[in-house]
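Coordinate inspection notes
These are the residues of each chain, in order.
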Amino acid sequence: MNSRIGRFAVAALATATATLGVTVANPSPAAAAMTICYNTSQAPSYASIANQAASIWNDATTNLTLTANCGTNLRIYQITGGGSYAQRTSLGNGRVYIDTQQAAQYSPLRIMTHEIGHILGLPDNYNGNCAILMSGGSAGTSCTNPYPSTTEANRVSSLFAGTLSATERSSGTGSQVFRDSWPALLTVG
């Protein structure tokens with residue numbers, strides 16, 4: 001009877017993850033990794049930057065892999081005006097909007113990696129420290145660091161490992177819109 005329950009649980013988990021568009025890259029319980037499929041069809045001029053940002057997150061974290069154009073967990077859009085922002089629907093799922101005007105002023109790779117960080121469960125941290133990715137535009141236009149700090153990377157790894165308490169997880173997994181990470185464009189006049 002226990003083997004039937006075990007098979008049922010595995011089948012239910014597989015169905016649930018497939019329904020959510022999430023795949024388990026390594027089914028071994030000790031080292032399961034979640035694949036987040038991102039789609040750049042609505043931001044073709046930022047596709048290579050999205051690929052670089054995905055590579056940065058893949059290298060910095062464990063328990064997840066960002067993969068291009070294998071599904072739609074994460075959709076990336078190119079917009080003009082209104083500011084870059086992220087809209088997380090759940091952990092690992094949502095939309096990133098890259099404002100072409102801001103990307104002309106701030107590092108596009110830093111913007112992309114930062115906004116993907118929201119989808120991966122990180123909040124903004126407006127402390128002005130360029131070494132902190134989630135400080136966003138508060139670090140100024142000269143800051144081009146696209147790499148998460150060790151603390152930021154470890155937080156994402158812990159969220160995707162499921163090792164945080166319910167209270168710790170709740171601050172980084174729900175639906176949320178992250179705006180105003182990047183100060184308004186400077187105007188000359």
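In this text, all values refer to a predicted model and were calculated from it rather than measured experimentally.

**Side note on helix α4 (residues 108-119)**
If you check α4, its first and last C-alpha atoms are 17 Å apart, about what twelve residues at 1.5 Å a residue would give, namely 16 Å. Buried residues dominate α4, accounting for eleven of its twelve residues. Within α4 the residues assigned to the buried category are L109, R110, I111, M112, T113, H114, E115, I116, G117, H118 and I119. One or two steps after α4, the chain reaches G121, where phi turns positive at roughly 105°.

**A closer look at the confidence of the model for the protein**
Taken as a whole, the protein shows an average pLDDT of 81; of its residues, 70% reach a score of 70 or greater. Taken element by element, the protein is modelled with least confidence in strand β1 (residues 23-24), mean pLDDT 39, and with most confidence in helix α2 (residues 47-60), mean pLDDT 98. In the predicted structure, residues 1-31 sits below a pLDDT of 50 and forms 17 contacts with residues beyond four places in sequence or in another chain.

**A look at the pairing of strand β2 (residues 34-42)**
As defined by bridge partners, β2 adjoins strand β3 (residues 64-68) across five bridges and the pair is classed as parallel. Bridging across to β3, Y38 finds its partner in A68. For the segment spanning β2, α2 and β3, crossover handedness is right-handed. Bridge count between β2 and strand β4 (residues 74-79): three bridges; the pairing is parallel. The residue of β4 that forms the bridge with Q42 is Y77.

**Comments concerning the nonpolar core**
Among the nonpolar cores identified, the biggest contains 33 residues, and L66, L74, I76, V96, M112, I116 and L120 are the most heavily contacted of them. Among the secondary structure elements, those contributing two or more residues to this core are β2, α2, β3, β4, β6 (93-99), α4 and α5 (150-161). It is α2 that contributes the most residues to this core, six residues altogether.

**Re the packing of aromatic side chains**
Evaluation of the coordinates by the stated rule reveals two aromatic pairs. Relative to Y97, the ring of Y77 has its centre 5.1 Å away and its plane inclined at 15°; by these criteria the two rings are stacked. In this pair, Y77 is assigned in strand β4 and Y97 in strand β6, connecting sequence segments 20 residues apart. With a relative accessible area of 13%, Y97 lands in the buried category.

**Remarks on the side chain of T113**
Looking at where T113 falls in the secondary structure, it is placed in helix α4. Of the residues examined, T113 reaches a relative accessible area of 0% and is grouped as buried. Setting aside anything within four residues of it in sequence, one finds T113 in contact with A53, I56, W57, L133 and P146.

**Re the packing of α2 against α4**
Two packed helices can be described by the angle between their axes and the distance between those axes. Where α2 contacts α4, the axes come no closer than 9 Å and their chain directions differ by 55°. In this view, α2 runs oblique relative to α4, as classed from their interaxial angle. You can see that α2 and α4 cross each other, and the crossing is right-handed. Of the residues in α4, those touching α2 at I49, A50, Q52, A53, I56 and W57 are P108, L109, M112, T113, I116 and G117. Counted by class, the contact of α2 with α4 contains nine nonpolar, three polar and no charged residues.

**Here's the deal with the environment of N39**
Within the element layout of this structure, N39 appears in strand β2. The class for N39 is buried, based on a relative accessible area of 15%. It is 7.5 Å that separates the C-alpha atoms of N39 and C70, two residues lying 31 residues apart in sequence. Residue contacts for N39: discarding those within four places in its chain leaves N69, G71, T72, L74, R75 and I76.

Conventions used here
Residues numbered from 1 in each chain as written. Predicted model: local features only at pLDDT ≥ 70, side-chain atom pairs only at ≥ 80, totals over all residues. Heavy atoms only, no water. Helix = DSSP H or I, 4+ residues; strand = E, 2+ residues; numbered from the N terminus. Expected span 1.5 Å × (residues − 1). Buried < 20%, exposed > 50% of the residue type's maximum accessible area, 1.4 Å probe, protein only. pLDDT = per-residue confidence, 0-100. Contact = heavy atoms within 4.5 Å. Pairing = 2+ DSSP bridges. Right-handed = clockwise from strand over helix to strand, strands pointing away. Core = buried A, V, L, I, M, F, W, Y, C linked by side-chain atoms within 4.5 Å. Phe/Tyr/Trp six-rings, centres within 6.5 Å; stacked < 30°, edge-to-face > 60°. Axes fitted to C-alpha atoms, helices over the stretch in contact; angles between N-to-C directions. Parallel < 35°, antiparallel > 145°, perpendicular 65-115°, else oblique. Left-handed = near helix turned anticlockwise from the far one by under 90°. Nonpolar A, V, L, I, M, F, W, Y, C, P; charged D, E, K, R; others polar.

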